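Each chain is listed here by its residues.
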Amino acid sequence: MEEITDGVNNINISGDSYKKNRIQVSNTKKPLFFYVSLAKRYMQQHDEVELSALGMAISTVVSVAEILKNNGFAIEKKIMTSTVEIKDEFRGRLITKAKLEIVLGKTDKFDELMAAAAEARGGDDDGQG
């Protein structure tokens, strides 16, 4: 019994099913700038953020990434595309959806831009999420 307990305590779960710096974007649940602000906060904490979306939400991910890049907050590190099969809730059959993942990193000016934005808001933000 002790060997099983040791095995469970020392288990190493690999894979990327959960990442602390991943944002799974939906095109219906939150406004666009919610994701922009959240991505900035994640980059403050982790130096990079992974934006992930399926199907119709892909355009939202692209918009978020472009806003962050065009405003000097982020640089593109990696773009991954794939397809996933998801079971349709209503019909019970498998449907294929496009998946897009974009990894963004902080620019050299990121901290400076965040400090300027905090100051413009009245200095009540210390930069900590």
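The name an unreviewed UniProt entry assigns to the chain is DNA/RNA-binding protein Alba-like domain-containing protein, from the organism Forsythia ovata.

(A) Inspection of the environment of L113 at higher detail. The residue L113 is located in helix α4 (residues 110–120) in this model. On the basis of relative accessibility, which here comes to 27%, the residue L113 falls in the partly exposed class. A sequence separation of 41 residues divides L113 from G72, and the C-alpha atoms of the two residues are 7.9 Å apart. Once residues lying within four places of it in the same chain are set aside, the contact partners of L113 are N71, G72 and F73.

(B) Expanded view of the nonpolar core. Formed by 24 residues in total, the largest nonpolar core has its most connected members in I23, M43, V49, L51, V61, L68 and L104. No other element matches the six residues that helix α2 (residues 32–46) contributes to this core. Residue contacts for M43: discarding those within four places in its chain leaves E48, V49, L68, F73, A74, L104, G105, K106 and F110.

(C) Broad picture of the pattern of salt bridges. Here the structure, examined in full by the defined rule, presents nine salt bridges. Residues K106 and D111 are paired through a salt bridge, measuring 3.5 Å at the closest nitrogen-oxygen approach. Look at the salt bridges and you will find they share partners, linking R22, E50, K99 and E101 into a network.

(D) Just the confidence of the model for the chain, in detail. Across the chain, pLDDT averages 84, with 81% of residues at or above 70. Counted against residues more than four places away or in other chains, residues 1–17, with its pLDDT under 50, gives two contacts. Under a pLDDT of 50 for its full length, residues 125–129 has, in the predicted model, four contacts with residues more than four places off or in other chains.

How each quantity is defined
- Residues numbered from 1 in each chain as written.
- Predicted model: local features only at pLDDT ≥ 70, side-chain atom pairs only at ≥ 80, totals over all residues.
- Heavy atoms only, no water.
- Helix = DSSP H or I, 4+ residues; strand = E, 2+ residues; numbered from the N terminus.
- Buried < 20%, exposed > 50% of the residue type's maximum accessible area, 1.4 Å probe, protein only.
- Contact = heavy atoms within 4.5 Å.
- Core = buried A, V, L, I, M, F, W, Y, C linked by side-chain atoms within 4.5 Å.
- Salt bridge = Lys/Arg side-chain N within 4 Å of Asp/Glu carboxyl O.
- pLDDT = per-residue confidence, 0-100.

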